[in-house]
Amino acid sequence: MELWVGRLRTYARTTRVPLAEPCLIRSERTFMRLPKKALLLLAVLLATSFAIAARPARYLHVKVNNPATHELVRINLPLTLAEQVIPAINQGKLRAGKVQVGHLTADNVNIKAILHALETAPEGEFVTVEEPGNNVRVAKERGQLVVHVIDKNSHEHVNVTIPWDVAQALISDTSEDQLNVEAAIKALENVADTTLVSVTGDAENVRIWIDSHSSDE
Amino acid sequence: MVFLAKLGIGVLGTALVGGAALSSEGFIHVKIHEKQADGTHLTLVVPAVLAPVTLSFIPRQQLAEASRELRPYMPAIDAAIPALEDCPDQVLVEVTDPGEHVTIEKSGSSLVVDVNDREDLVHVSVPLRAAHSALREIARASGPI
């Protein structure tokens with residue numbers, strides 16, 4: 001023990017020489033600077049991890065109710081689940097996350113070309129059709145593609161709202177008659193809470209929307 | 001005396017290991033309650049690990065048709081079940097009408113189906129991992145996946 005104390009004293013004495021002092025100060029500064037940087041980096045990393053972890057899961061909800069028969073169907077689907085399942089389906093017209101929609105180019109109307117044109121068009125009403133049987137309105141509002149259809153015979157009102165990013169994702173990396181469902185679902189993860197489809201009529205009401213709640217209660 | 005003690009420890013150890021192995025994948029829980037006066041009340045709790053094991057003893061030709069129908073959906077099932085395991089607990093589907101209430105719920109690591117209609121009350125809880133193993137076993141009946 002005495003030997004150790006003696007050694008320490010000797011070490012203390014040797015480090016107290018004037019030449020060693022600036023070195024000591026410099027090393028202390030370096031020592032102080034490093035943890036600050038490390039702490040800052042750690043704080044940034046933690047904040048990022050918390051931000052990612054705190055990002056709420058997104059859900060696609062479907063609610064169908066029939067006021068006459070008091071039937072109610074509720075579906076709550078986590079978007080992450082859809083994101084992982086859809087690319088794995090290779091059945092019928094849905095393959096590798098893309099759905100083959102043969103009639104997209106029917107009547108010489110190419111939906112993809114229209115969406116490309118709408119992308120650069122200013123906001124406003126694009127199409128208004130008023131017929132004895134129904135009214136149709138297509139517009140670009142607040143960065144969203146909006147379609148309103150009123151069927152006067154069945155008293156049905158159909159509202160479809162597609163956020164622009166989702167519309168773009170639908171036509172991304174596809175051939176003329178395909179829609180990219182996988183990309184659209186990924187895009188839905190990043191859009192604000194919104195009602196995508198609502199159908200109200202005498203017989204049934206349908207609502208499809210996305211939010212961060214696991215149930216629609 | 002020492003021999004008996006050793007034997008006891010051996011039996012107890014085997015029972016513990018066997019019990020742990022049997023319950024490793026959870027339990028399939030089936031409860032059927034017929035609402036009529038003399039209706040059946042059945043409660044069945046089966047170790048989930050037995051489901052794929054039992055399926056492996058069924059002759060392949062008996063499962064051939066089910067296997068053929070199931071195989072195209074296996075990639076989707078393989079993707080869906082692990083994804084579902086990662087999802088928080090929640091009601092996935094709920095159907096309500098005046099005579100019936102059906103819910104399909106993810107609860108813990110199980111998928112729970114509850115049906116409550118005018119005649120029956122049915123509760124089925126299946127551990128997802130066991131369901132996955134069982135479905136893969138059925139799909140394998142008509143050749144390797």
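Quick note: structure is the one above.
Note that the structure is a prediction, hence the values are computed from the model and not measured.

Analysis parameters
Residue indices follow the written sequence of each chain, beginning from 1 at its first position. To read the labels, note that chains go from A and ligands from 1, taken in the order they are written. Restriction of local features to residues with pLDDT of at least 70 applies here, the model being predicted, together with a cutoff of 80 or more for giving and counting side-chain atom pairs; totals for whole chains, interfaces and linings are based on all residues. Excluding hydrogens and water, the side-chain values take into account all heavy atoms of the structure. In this analysis, two residues are considered to be in contact whenever any of their non-hydrogen atoms come within 4.5 Å of each other. When two parts are put together, the accessible area they lose, computed with a 1.4 Å probe and summed over both, is reported as buried area. Salt-bridge detection follows one rule: a side-chain nitrogen of Lys or Arg within 4 Å of a carboxyl oxygen of Asp or Glu. Counted as a polar contact is a pair of N or O atoms within 3.5 Å, where, for protein atoms, one must be capable of donating a hydrogen and the other of accepting one, and residues adjacent in sequence contribute only when both atoms are in side chains. Numbering of helices and strands starts at the N terminus; helices are DSSP runs of H or I of at least 4 residues and strands are runs of E of at least 2. For the exposure calls, accessible area comes from a 1.4 Å probe over protein chains only, and a residue counts as buried if that area is under 20% of its type's maximum, exposed if over 50%, partly exposed in between. Buried Ala, Val, Leu, Ile, Met, Phe, Trp, Tyr and Cys residues form a nonpolar core when they are joined through side-chain atoms within 4.5 Å.

Caption draft 1: Up close: the interface of chain B and chain A. Each partner contributes residues to the interface: chain B has 19 residues there, and chain A has 18 residues. Summing both partners gives a buried area of about 1,500 Å² for chain B against chain A, and 57% of it is carried by carbon and sulfur. Taken together, the links from chain B to chain A amount to 1 salt bridge. Its salt-bridge partner being R74(A), residue E94(B) comes within 3.3 Å of it at the nearest N-O pair. On inspection of chain B and its partner chain A, the count reaches 6 residue pairs in polar contact (both at pLDDT 80 or more). Of all the elements in the fold, those that place two or more residues in the side of chain B that touches chain A are α4 (74-86) and β3 (90-97) of chain B. The element best represented in the side of chain B that touches chain A is β3(B), accounting for 8 residues.

Caption draft 2: How the structure looks around the side chain of S198(A). Summarising the element assignment, S198(A) is placed in strand β11 (residues 194-200). When sequence neighbours within four positions are dropped, the list of residues in contact with S198(A) reads H157(A), V158(A), N159(A), V206(A) and R207(A).

Caption draft 3: Up close: the side chain of H61(A). Residues and elements named next belong to chain A. Position of H61 among the secondary structure elements: in strand β1 (residues 59-66). Under the relative-accessibility criterion, H61 is labelled buried at 0%. For H61, the residues in contact, after removing those within four places along its chain, are I75, N76, R207, I208, W209, D211, H213, S214, S215 and D216.

Caption draft 4: Looking closely at the nonpolar core. One finds L115(A), L145(A), V166(A), L188(A) and I210(A) to be the most contacted residues of the largest nonpolar core, which totals 23 residues. Per-element accounting of this core gives the leading share, 6 residues, to helix α5 (residues 164-171) of chain A. Setting aside anything within four residues of it in sequence, one finds L145(A) in contact with L115(A), L118(A), V138(A), A139(A), V160(A), T161(A), I162(A) and W164(A). L63(B), A76(B), L84(B) and A139(B) belong to the second-largest nonpolar core, a separate cluster that totals 18 residues.

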